[in-house]
Amino acid sequence: MLALQLERILRRIERARLAYDAHQIISLVAVSKYQSVDSIRALYECGQRAFGENKVQDLRLKAEALDDVPLEWHFIGKLQENKINALLALKPSLIHSVDSLKTAQAIQKRLQTHLGEAKVRALLQINAANEESKSGVSVEAAKEVYEEILSVCPNLIMEGVMCIGANSPNRSEIEKSFQKTSDIFHSLQDRGAKILSMGMSGDFEIAIAYGANLVRIGSKLFETKL
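Everything quoted here is computed from the prediction, not taken from an experiment.

Focus: the layout of surface pockets
- The space that makes up the largest pocket amounts to roughly 400 Å³.
- If you trace the largest pocket, you find 20 residues lining it, with Val31, Lys33, Ile76, Ile164 and Met200 closest to the centre.
- Computed from the structure, the second largest pocket encloses a volume of approximately 150 Å³.
- Residue lining of the second largest pocket: 13 residues in total, with Ser27, Glu72, Arg121, Ile195 and Leu214 positioned closest to the centre.
- Element by element, the count of residues in the lining of the second largest pocket is highest for strand β1 (residues 27-31), at three residues.
- When grouped by side-chain class, the residues that make up the lining of the second largest pocket number six nonpolar, four polar and three charged.

Observations regarding the pattern of salt bridges
- In this structure the tally under the stated criterion is 13 salt bridges.
- For the salt bridge of aspartate 99 with lysine 78, the shortest nitrogen-to-oxygen distance reads 2.8 Å. Taken together, the positions of aspartate 99 in the loop between β4 (94-98) and α5 (101-115) and lysine 78 in the loop between β3 (72-75) and α4 (84-89) put the pair 21 residues apart, joining distant regions of the chain.
- Between glutamate 131 and lysine 134 there is a salt bridge, with the nearest N and O atoms lying 2.1 Å from each other. As far as burial versus exposure is concerned, glutamate 131 and lysine 134 are alike and both buried.

As for the nonpolar core
- Ile13, Ile107, Leu124, Ile149, Leu156 and Leu221 are the most contacted members of the largest nonpolar core, which totals 63 residues.
- Of all the elements, helix α1 (residues 2-20) adds the most residues to this core, at five residues.
- Residues in contact with leucine 221, not counting those within four places in the same chain, are Leu2, Gln5, Leu6, Ile9, Leu28, Ala30 and Leu43.
- Of all hydrophobic cores here, the second largest spans seven residues; its members include Leu94, Leu123, Met162 and Leu214.

A few points about the environment of arginine 12
- Mapped onto the elements, arginine 12 comes out in helix α1.
- Spatially, the C-alpha atoms of arginine 12 and glutamate 205 are 7.5 Å apart, while their sequence positions differ by 193 residues.
- Non-local contacts of arginine 12, meaning those with residues more than four positions away in its chain, are made with Phe204, Glu205 and Lys220.

Quick notes on the pairing of β4
- Of all five residues that make up β4, five are buried, and the element is covered over most of its length.
- Taken together, β3, α4 and β4 constitute a β-α-β crossover, and its handedness is right-handed.
- Strand direction decides the pairing type here: β4 and strand β5 (residues 120-126), joined by two bridges, are parallel. Among the inter-strand pairings, valine 98 is bridged to a residue of β5, identified as leucine 124.

The rules behind these values
- Residues numbered from 1 in each chain as written.
- Predicted model: local features only at pLDDT ≥ 70, side-chain atom pairs only at ≥ 80, totals over all residues.
- Heavy atoms only, no water.
- 1 Å grid on protein atoms, 1.4 Å probe; cavity = no way out; pocket = protein on both sides within 12 Å on 5 of 7 lines; lining within 4 Å.
- Points joined across faces, edges and corners; volume = space filled by probe spheres on them.
- Helix = DSSP H or I, 4+ residues; strand = E, 2+ residues; numbered from the N terminus.
- Nonpolar A, V, L, I, M, F, W, Y, C, P; charged D, E, K, R; others polar.
- Salt bridge = Lys/Arg side-chain N within 4 Å of Asp/Glu carboxyl O.
- Buried < 20%, exposed > 50% of the residue type's maximum accessible area, 1.4 Å probe, protein only.
- Core = buried A, V, L, I, M, F, W, Y, C linked by side-chain atoms within 4.5 Å.
- Contact = heavy atoms within 4.5 Å.
- Right-handed = clockwise from strand over helix to strand, strands pointing away.
- Pairing = 2+ DSSP bridges.

Have a look at this one:
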């Protein structure tokens, strides 16, 4: 069943990719925050390699239980300052949710103090829909904050931006949030930005239409009903 779900999602990604740009390459991160170790292992056996967790403790437990397989772990949740050391010890492939200059500086301090020359790949989270329930920098401040992080946090390898689409039944509102994030991403490409992480189970095709090259899909990938 998981193999079928993965195949369906990949087909939908491919259709959206071709509609946007045949030269675009899109990565899929399977959001496994509600899934068991057995489900993650089963999806790995279907060919999926990148998985995302939004809590450091869950990431640690799952990474330890699955350390016999070469998974690529992404951290996609809000990072509390007191969890930074624990996250860095897990050596995530990518942190999607650097949501402020303060968070970036806290990560930089830990990397310098405890890990010497260690570096971590990261994205700046943008609150493109300007919703109180979401973390991230404002659209207006995003470029300035990104460049400030580049300047003062040399151990963070900033590779792009991330957003969560507007929480709205109105497609145009979702599109606006993705368009704003895409515009910021393109303005930062000459500063090394190469990842535009947007789109989840309910809106990933819209995100791809606005240039997303990394999508984060959970429920649609793991659901067991036909």
